[in-house]
Amino acid sequence: MVETIQSQKINLLDLKLKFGLERNNDGEFFQEWQENLPELTDLEMASMDEVKEEYLHLSQYPLLEPVVKLVVLSPLLKWAGFYRYPFFITGEKEVRISSEDEATIITGRLDLLVFTPEFWVLVIEAKKTAYSLEVGIPQALAYMLGSPNLEKPNYGFVTNGTDFIFLKLIKQEKLVYSESDLFSMRRRHNDLWNVLQILKGLSRLIVQ
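Residues numbered from 1 in each chain as written. Predicted model: local features only at pLDDT ≥ 70, side-chain atom pairs only at ≥ 80, totals over all residues. Heavy atoms only, no water.

K.L.:
Would you mind going over the overall build of the chain in detail, with residue names and values included?
P.N.:
Of regular secondary structure, the chain possesses 5 helices and 9 strands. Computed over C-alpha atoms, the radius of gyration of the chain comes to 17 Å, within 12% of the 17 Å expected from 2.2 N^0.38 for 208 residues, which places it in the range of a compact globule. Counting only residues that meet the buried cut, the chain has 52% of its 208 residues in that class. Relative to all contacts within the chain whose residues are 6 or more apart in sequence, the contacts with residues 24 or more apart total 65%. Working note: accessible area of the chain is about 10900 Å², and carbon and sulfur atoms make up 50% of it. (Helix = DSSP H or I, 4+ residues; strand = E, 2+ residues; numbered from the N terminus. Rg over C-alpha atoms; globule rule 2.2 N^0.38 Å. Buried < 20%, exposed > 50% of the residue type's maximum accessible area, 1.4 Å probe, protein only. Contact = heavy atoms within 4.5 Å. Areas by Shrake-Rupley, 256 points an atom, 1.4 Å probe, with all protein chains shown as cover.)

What follows is the structure in structure tokens.
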């Protein structure tokens, strides 16, 4: 009997047991968020400072996903270059993923997908501020399993507006993923600078 799971209800143990997904804790596996990152211009840093100031003001009230996308994600993706060639963006894309034995099917709609005609670039899962990223991480990984090119690195980006984390998934001998450090608006340092650097780095990596 085939088991169908809504993506919102998936957890990391499900992905391990039903899809064979394993976490890689080796720092060498996911270097794209740490090394060879582009420098930001003064204008880019000032723009990220504005985003942080606006977000902290608006977050005095609970922010729903559409507001998180508008206030935080939109400027990040714009400054990272994802609104320009060779990238495209789609939202609410329906995804259906089957395990290898076809005993389990995950269904859902991913929030945002950055892609080129050849492959998916970045799966983005946005949550309202009340949600922990622990909810969004397995959901984003499940969507990443739907990529048509799992033999190449696939990247995910999860945020609730306040916190941010990057994911990498690839199929080698088995399905393997890793996470970046957690970045947060609540730190004195503006972590949006780091987030934008990583996004620009991923954009540059794909273009090259």
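K.L.:
Lay out unusual backbone geometry in plain terms, naming residues and giving numbers.
P.N.:
Of the consecutive residues Y85 and P86, the connecting peptide bond is found in the cis state with omega at 10°. Residue position: P86 is located in the loop between α3 (65-80) and β3 (88-98). Phi is positive for N36, which is not a glycine, with a value near 55°. Within the fold, N36 resides in the loop between β2 (22-23) and α2 (42-58).

K.L.:
How would you summarise the environment of V71 if you had to cite specific residues and measurements?
P.N.:
Position of V71 among the secondary structure elements: in helix α3. Overall, the relative accessible area of 12% leaves V71 in the buried class. Each C-alpha atom, one on V71 and one on E54, is 7.6 Å from the other, the two residues being 17 residues apart in sequence. In this structure, V71 is in contact with V51, Y55 and L58, ignoring residues within four places of it in sequence.

K.L.:
How would you sum up the pattern of salt bridges? Please name residues and give values.
P.N.:
Within the structure shown, the criterion is met by 4 salt bridges. Two residues, E179 and R23, come together in a salt bridge whose shortest N-O distance is 3.4 Å. With E179 in strand β8 (residues 175-179) and R23 in strand β2, the pair connects residues that are 156 residues apart, well separated along the chain. A salt bridge links R187 to D191; its shortest N-O distance comes to 2.6 Å. (Salt bridge = Lys/Arg side-chain N within 4 Å of Asp/Glu carboxyl O.)

K.L.:
Break down the layout of surface pockets for me, citing the residues and quoting the values.
P.N.:
Reported here for the largest pocket is a volume of approximately 160 Å³. Considering the residues around the largest pocket, the lining is formed by Q31, E32, E35, N36, L37, G201, L202, R204, L205 and Q208. Here the residues of the lining of the largest pocket are counted per class, giving 3 nonpolar, 4 polar and 3 charged. (1 Å grid on protein atoms, 1.4 Å probe; cavity = no way out; pocket = protein on both sides within 12 Å on 5 of 7 lines; lining within 4 Å. Points joined across faces, edges and corners; volume = space filled by probe spheres on them. Nonpolar A, V, L, I, M, F, W, Y, C, P; charged D, E, K, R; others polar.)

K.L.:
Tell me what's going on with helix α5 (residues 192-207), and back it up with residues and numbers.
P.N.:
In an α-helix there are 3.6 residues to a turn, and that puts residues three or four apart on one side. With 16 residues, α5 should cover 22 Å at 1.5 Å per step; its first-to-last C-alpha distance of 22 Å lies within 8% of that length. Within α5, the full set of buried residues consists of L192, V195, L196, Q197, I198, L199, K200, G201, L202 and S203. Tucked inside the fold, the buried residues of α5 contact α2, α3, β5 (120-126), β6 (154-159), β7 (163-171) and β9 (183-184). (Expected span 1.5 Å × (residues − 1).)

K.L.:
Tell me about the environment of H189, and name the residues and values.
P.N.:
Here H189 is to be found in the loop between β9 and α5. With 32 residues separating them in the primary sequence, H189 and F157 have C-alpha atoms 20 Å apart. A distance of 2.9 Å separates the side chain of H189 from the side chain of N194, its partner in a polar contact. (Polar contact = N/O pair within 3.5 Å; in protein donor to acceptor, adjacent residues only side chain to side chain.)

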